[in-house]
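Close look at the chain arrangement
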Amino acid sequence: MRHFSFLDDASAGALFHRAPREIVPTDDRRLVATALGATLYAPGTRPRLARDVRRQVAAGVTSMVLCLEDAIADHEVLGAESNVVAALDDLGADPPRCGAGPPMLFVRVRAVEQIMTLLGRLSRPARALIAGFVLPKFGIENGGPGLAAVLRGSEVLGRPLWAMPVLESPAVIFRETRVDELGGVRRLMDEYTDNVLAVRLGATDLSGLFGLRRDRDLTIYDIAVVRDCIADIVNICARGGDHVVTGPVWEYFAQPERLFVSALRVTPFEEADLVHGSEQGARIRSELVSADFDRLIREVVLDKANGLIGKTVIHPTHVPAVHALHVVTQEEYEDAEVILAGDTGGVRASSYENKMNELRPHRLWAEAVQRRAQAFGVLREGLTFVDVLAATQDALR
């Protein structure tokens, strides 16, 4: 798969210093996890699921989860299973393309037993298409059986299947159990490293345990108990850069009257190089603010600052903003190149004359930037995520 494959050569050439590359399943696991980007969840009950997947992939979605858990009611499970199987069979017969290959399609199960049951019902082409399974409420007690089931599925298919654990249980967020639980989760992830693609965060479930829900004017980092939990998840599960942790879902997509003014500055939108005049820039900014995407943008920026890559999304309109913010700027790329070129330690001044690059402390950061550069590309000098949004709008209009 390849990000921004919907751009024509001229648009991609104007936007990228280094274009996104094709990502294949045999690439480094952390690179594949980085390339997930905005992972769009769809309820398994959607009546035209295969058609919806094709439409979203054509609009730039590179990873989707067909959900059999929280997105559907208990009495809908059997019907949803059949609907997901039918959709995957349909998609397997004529796979959608993002670049030279298909998107990454996962099924979120509610019970471990569903993994082998679903694989047994899929056609051969559908089996070749499915990327893996999302394991909800993942923890010490149920994590081992879930990962073992994914491994058994891999053996049946004769190729690796990915597992994506979701951390959202009481033991993960309650302070008295958190460290032991996360330590056990990390050991399971290390044991099944070749099959664990990325860790996902169930911020809605974690907030709900305390009767909390973040307002559309806030980010998840304004909810103190969840913020503290995310910090410990990064500390234990993402330590050393061996595992990728993805950003939690942004759950808003319609705008009533809001309490706080937007923090998005006007100037970057009016002066973006690939924006056709200040009117288009103002329109893009207005659209982002009116749909609360300015708060989504802030949350993605905070995700990245805290070591999270990619994001769970529940509405296709969220995808362009998340992907635009993951494209590497020229400044990030050049700093990462300098850091990775040195292996004897020391300090180098950034060519942008605004920071010092310490070669050893910043190395893991630089490696993560390089993975983002391969997956999402590197912008030309002076361009920003606003230019990516403008190019995306022009291409998909």
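The coordinates are above.
First, a word on what this report is: a plain description of the structure on this page. (Residues numbered from 1 in each chain as written. Predicted model: local features only at pLDDT ≥ 70, side-chain atom pairs only at ≥ 80, totals over all residues. Heavy atoms only, no water.)

Further remarks concern the overall build of the protein. Regarding its fold elements, the protein presents 18 helices and 13 strands. By the compact-globule yardstick of 21 Å for 397 residues, the protein fits well, its C-alpha radius of gyration being 21 Å. Its C-alpha atoms put the protein at 55 × 45 × 45 Å along the principal axes. Expressed as a percentage of the 397 residues in the protein, the buried residues total 54%. Residue pairs in contact within the protein that sit at least 24 positions apart in sequence constitute 78% of those at least 6 positions apart. For the protein, the exposed area adds up to about 16900 Å²; of that, 53% sits on carbon and sulfur atoms. Computing the positive centroid from 45 side-chain charges and the negative centroid from 54, the protein places the two 2 Å apart. (Helix = DSSP H or I, 4+ residues; strand = E, 2+ residues; numbered from the N terminus. Rg over C-alpha atoms; globule rule 2.2 N^0.38 Å. Buried < 20%, exposed > 50% of the residue type's maximum accessible area, 1.4 Å probe, protein only. Contact = heavy atoms within 4.5 Å. Areas by Shrake-Rupley, 256 points an atom, 1.4 Å probe, with all protein chains shown as cover. Lys, Arg positive; Asp, Glu negative; His and termini not counted. Charge placed at Lys NZ, Arg CZ, Asp CG, Glu CD.)

Quick look at empty space enclosed by the protein now. Within the structure shown, the criterion is met by one cavity of 30 Å³ or more. Here the largest cavity is characterised by a volume of approximately 50 Å³. Every residue along the wall of the largest cavity is listed here: F4, F6, A59, G60, V319, P320, H323 and T392. Ranked by residues supplied to the lining of the largest cavity, first place goes to helix α15 (residues 319-326) with three residues. Residues of the lining of the largest cavity, tallied by class, amount to five nonpolar, three polar and no charged. (1 Å grid on protein atoms, 1.4 Å probe; cavity = no way out; pocket = protein on both sides within 12 Å on 5 of 7 lines; lining within 4 Å. Points joined across faces, edges and corners; volume = space filled by probe spheres on them. Nonpolar A, V, L, I, M, F, W, Y, C, P; charged D, E, K, R; others polar.)

Moving on, we come to the packing of aromatic side chains. Inspection of the entire model under this criterion finds four aromatic pairs. Geometrically, the ring pair formed by F174 and F210 is edge-to-face, given 5.9 Å between the ring centres and 80° between the ring planes. Placement of the pair is F174 in the loop between α8 (170-173) and α9 (175-191) and F210 in the loop between α10 (203-208) and α11 (224-237), with a sequence separation of 36 residues. On the accessibility criterion, F174 (30% relative accessible area) is partly exposed. Considering the side-chain rings of W250 and Y252, the 5.8 Å spacing of their centres and the 65° angle between planes classify their relative orientation as edge-to-face. Like Y252, W250 is buried. (Phe/Tyr/Trp six-rings, centres within 6.5 Å; stacked < 30°, edge-to-face > 60°.)

Another point: the pairing of strand β5 (residues 130-135). Taken across its six residues, β5 has six buried, putting it largely inside the fold. Relative to β5, strand β4 (residues 104-108) runs parallel, the two sharing four bridges. Paired with R108 across the two strands is V134, which belongs to β5. Looking at chain direction, β5 and strand β6 (residues 162-167) are connected through four bridges and run parallel. From the neighbouring strand, F133 faces β6, where its bridge partner is A163. (Pairing = 2+ DSSP bridges.)

The subject of this paragraph is the environment of T62. Following the sequence through the fold, T62 ends up in the loop between α3 (49-58) and β3 (63-67). Given a relative accessible area of 1%, T62 falls into the buried group. Here the alpha-carbon distance between T62 and A238, two residues 176 residues apart in the chain, equals 23 Å. Each residue touching T62, except ones within four places of it in the same chain, is listed here: M1, R2, H3, A35, L36, C98, P103, M104 and H323.

Now for unusual backbone geometry. The phi dihedral of F4 falls on the positive side, at around 60°, and the residue is not glycine. Of note, F4 is situated in the segment before α1 (9-15). A relative accessible area of 6% means that F4 is categorised as buried. Of note, the phi angle at K137 is positive, near 50°, even though the residue is not glycine. Relative accessible area serves as the criterion here: at 28%, K137 is assigned to the partly exposed category.

Here α11 spans 20 Å end to end across 14 residues, near enough to the 20 Å set by a 1.5 Å rise per residue. Taken as a whole, α11 has its buried residues at V226, C229, I230, I233, V234, I236 and C237. Buried residues along α11 sit against β6, α8, α9, β7 (198-201), α10 and β8 (244-245). (Expected span 1.5 Å × (residues − 1).)

Here the structure, examined in full by the defined rule, presents 30 salt bridges. For R363, the salt bridge goes to E367, with nearest N and O atoms at 3.8 Å. Taken together, the residues span about one helical turn, with R363 and E367 both in helix α17 (residues 363-376) at a distance of four residues. Relative accessible area serves as the criterion here: at 27%, E367 is assigned to the partly exposed category. For D394, the salt bridge goes to R397, with nearest N and O atoms at 3.2 Å. The exposure class of D394 is partly exposed, given its relative accessible area of 29%. (Salt bridge = Lys/Arg side-chain N within 4 Å of Asp/Glu carboxyl O.)

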